[in-house]
Amino acid sequence: MKWKKGKIGEHCEVTSSKRIFYSEYVKEGIPFYRSKEIIELGQGQVISEPLFISQHRFNEIKKSFGIPMPGDMLLTSVGTIGVPYVVKSNDVFYFKDGNLTWFRKFDNILSSLFLYYWIGSKEGFQVLNNSTIGSSQKALTISALKNIECPLPPLPTQERIASILSAYDELIETNRRQIKLLAEAAQRLYKEWFVDLRFPGWEETKIVDGTPEGWRCGRADEFFEITIGKTPPRSEKKWFTSGNNGIPWVSISDMGVAGMYIFITDEGITKESVEQFNMKIVPPGTVLLSFKLTVGRVSITTIPMCTNEAIAHFIIHNPKLAEYTYLYLRNFEYDTLGNTSSISKAVNSTIIKSMKFIMPRSNILEGFSAKLSPIMKLIYNKKAMCIKLSESRDRLLPKLMTGEIEV
């Protein structure tokens, strides 16, 4: 079905924010978002480096210029372009000018949710990509975005399409919230047993130099086979694959998106590159730890994978050790490993292999695993469900956007 098209700027206001200066940041207050935070929100992640402006400054802006309202859309417009975010009913924040473009005051011809999904389609992203300026860093200008043409089916059709697709997103969001609650429950139990030392039998256990009697303290590589990833030469594209092709190749960015369990990666590598560069393929259940640039991200592999050189592999031979190892590494104080002002530059693979690791008695590990494994299994299943829902939505999206499937 062919739908008429229209310029986005004819059906909503395309604008930016009031400029906020670095000197106006405060330690707490109203969240202030850049592209980075909008991308994290869209992926269901916790904001990694929160910024804030004062309530007073926010109120001034709200009164004089307006603030993002439910149904408005923001679009990343510099660097990583084309990531949209529709403001939710409970959102209260302001955002950085230039980084993000603000779409608001939609008329009765174009739905913001329909525009959101169209931008997320292959066609929409391609149109945006063709509208960028700049060579070293791509950018979308307000004037270019105003003149972009998008499909304009009748508004009830737009709303129906958005409703079908948002049903998938709502299920994904529900699963993400449940994953967050389950992860918090796992963290609480870890803290009770191994930080507060209120594990079963703690009353009769002596503490020697801060460690329960019978527990072992040593270097990490005394307890694990620890290997490090590699990166084939970037200049030779033949070693890399995209999508689901090849052997999944984990980056620190992939770990940030994945959280506890990592199922998919942005890139893969060929079998030939594994052989050529003697790269380690780690088995499912391996605990990954990032130790360069971003130190301390931890994920568990779900299928055989390779990683880049900034990630260490803690290969688990005893399944009852997996939950404890993951949470131990998640809670480790990595700033104790470096002796420079920049921990991201101070840590290397030698330091990771020699880092302090405390190994509880086997009966404690078995008891902890018995309590944690059902929680971890639920997290695994819900994460897998999120991926399947995303894949189903993404297969459906272009068919709805082109009218191949009538609604």
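Residues numbered from 1 in each chain as written. Predicted model: local features only at pLDDT ≥ 70, side-chain atom pairs only at ≥ 80, totals over all residues. Heavy atoms only, no water.

Caption draft 1: Summary view of the overall build of the protein chain. From N to C terminus, the protein chain includes 12 helices and 23 strands. Counting only C-alpha atoms and orienting by the principal axes, one finds that the protein chain spans roughly 70 × 55 × 40 Å. For the protein chain, the proportion of its 407 residues judged to be buried stands at 47%. Considering only residue pairs separated by 6 or more positions, the protein chain has 73% of its internal contacts joining residues 24 or more positions apart. As displayed, the protein chain has an accessible area near 21,100 Å², and 51% of this comes from carbon and sulfur atoms. (Helix = DSSP H or I, 4+ residues; strand = E, 2+ residues; numbered from the N terminus. Buried < 20%, exposed > 50% of the residue type's maximum accessible area, 1.4 Å probe, protein only. Contact = heavy atoms within 4.5 Å. Areas by Shrake-Rupley, 256 points an atom, 1.4 Å probe, with all protein chains shown as cover.)

Caption draft 2: A look at the sheet that holds strand E4 (residues 30-33). Spatial strand order, E3-E5-E4-E8: 4 strands in an open sheet with mixed pairing. The outermost strands of the open sheet, each flanked by one partner alone, are strand E3 (25-26) and strand E8 (94-95). Two elements, E3 and strand E5 (residues 51-53), share 2 bridges in a ladder whose sense is antiparallel. Bridge pairing in E5 places valine 26 opposite phenylalanine 52. Those strands touched by helix H2 (residues 55-64) are E4, E5 and E8, and its axis lies near 65 degrees from that of E5. (Pairing = 2+ DSSP bridges. Axes fitted to C-alpha atoms, helices over the stretch in contact; angles between N-to-C directions.)

Caption draft 3: Geometry of the side chain of lysine 382. Here lysine 382 shows up in helix H12 (residues 362-401). Glutamate 173 provides the closest opposite charge to the buried, unpaired lysine 382, separated from it by 13 Å. Apart from residues no more than four positions distant in its own chain, lysine 382 is found in contact with Asn175, Gln178, Ile179 and Leu182. (Lys, Arg positive; Asp, Glu negative; His and termini not counted. Salt bridge = Lys/Arg side-chain N within 4 Å of Asp/Glu carboxyl O.)

Caption draft 4: Spatial organisation of the side chain of aspartate 91. In this fold, aspartate 91 is placed in the loop between strand E7 (84-86) and E8. Here aspartate 91 occupies a buried position and makes no salt bridge, while the nearest side chain of opposite charge, lysine 88, is found at 5.3 Å. A polar contact is formed between the side chain of aspartate 91 and the backbone nitrogen of lysine 88, at a distance of 2.8 Å. Those residues within four positions of aspartate 91 in sequence are excluded, and the remaining contacts are Tyr85 and Val86. (Polar contact = N/O pair within 3.5 Å; in protein donor to acceptor, adjacent residues only side chain to side chain.)

Caption draft 5: Geometry of the packing of aromatic side chains. Evaluation of the coordinates by the stated rule reveals 27 aromatic pairs. The interplanar angle of 85 degrees and the centroid separation of 5.2 Å between the aromatic rings of tyrosine 261 and tyrosine 380 together place this pair among those described as edge-to-face. Within this pair, whereas tyrosine 261 is found in strand E17 (residues 261-262), its partner tyrosine 380 is found in helix H12, the two being separated by 119 residues in sequence. Since its relative accessible area comes to 10%, tyrosine 261 is described here as buried. Centroid distance phenylalanine 332 to tyrosine 334: 5.1 Å. Interplanar angle 55 degrees. Geometry classified as tilted. Judged by its relative accessible area of 15%, phenylalanine 332 falls in the buried class. (Phe/Tyr/Trp six-rings, centres within 6.5 Å; stacked < 30°, edge-to-face > 60°.)

Caption draft 6: Up close: the sheet that holds strand E22 (residues 311-315). Strands sit in the order E14-E22-E19-E20-E17 across an open sheet of 5 strands; the sheet is mixed. On the outer flanks of this sheet lie strand E14 (225-228) and E17, each paired with one strand and no other. Both E17 and strand E20 (residues 298-301) contribute to a ladder of 2 bridges, which runs parallel. Counted as the bridge partner of tyrosine 261 is isoleucine 300 from E20.

Caption draft 7: Focus on the pattern of salt bridges. All told, the structure shown has 17 salt bridges when counted by the stated rule. A salt bridge links glutamate 60 to arginine 57; its shortest N-O distance comes to 3.2 Å. Taken as a pair, glutamate 60 and arginine 57 lie in helix H2 at a separation of 3 residues, close to a single helical turn. Residue glutamate 60 is classed as partly exposed on the basis of its relative accessible area, which comes to 36%. By relative accessible area, arginine 57 is classed as buried at 18%.

Caption draft 8: Highlighting the packing of helix H6 (residues 155-195) against helix H9 (residues 322-331). Where H6 contacts H9, the axes come no closer than 11 Å and their chain directions differ by 85 degrees. Here H6 lies roughly perpendicular to H9, going by the angle between them. Packed against H6, whose contacting residues are Ala186, Gln187, Tyr190 and Phe194, the element H9 presents Tyr324, Leu327, Tyr328 and Asn331 at the interface. A class-by-class count of the residues in the contact of H6 with H9 yields 6 nonpolar, 2 polar and no charged. (Parallel < 35°, antiparallel > 145°, perpendicular 65-115°, else oblique. Nonpolar A, V, L, I, M, F, W, Y, C, P; charged D, E, K, R; others polar.)

Caption draft 9: Region of interest: the packing of helix H3 (residues 112-120) against H6. Packing of H3 against H6 brings their axes to within 9 Å, and their N-to-C directions diverge by 65 degrees. In the crossing of H3 with H6, the sense of the turn from one axis to the other is left-handed. On H6, the residues that touch Leu113, Phe114, Tyr116 and Tyr117 of H3 are Gln158, Ile161, Ala162, Leu165, Ser166 and Asp169. (Left-handed = near helix turned anticlockwise from the far one by under 90°.)

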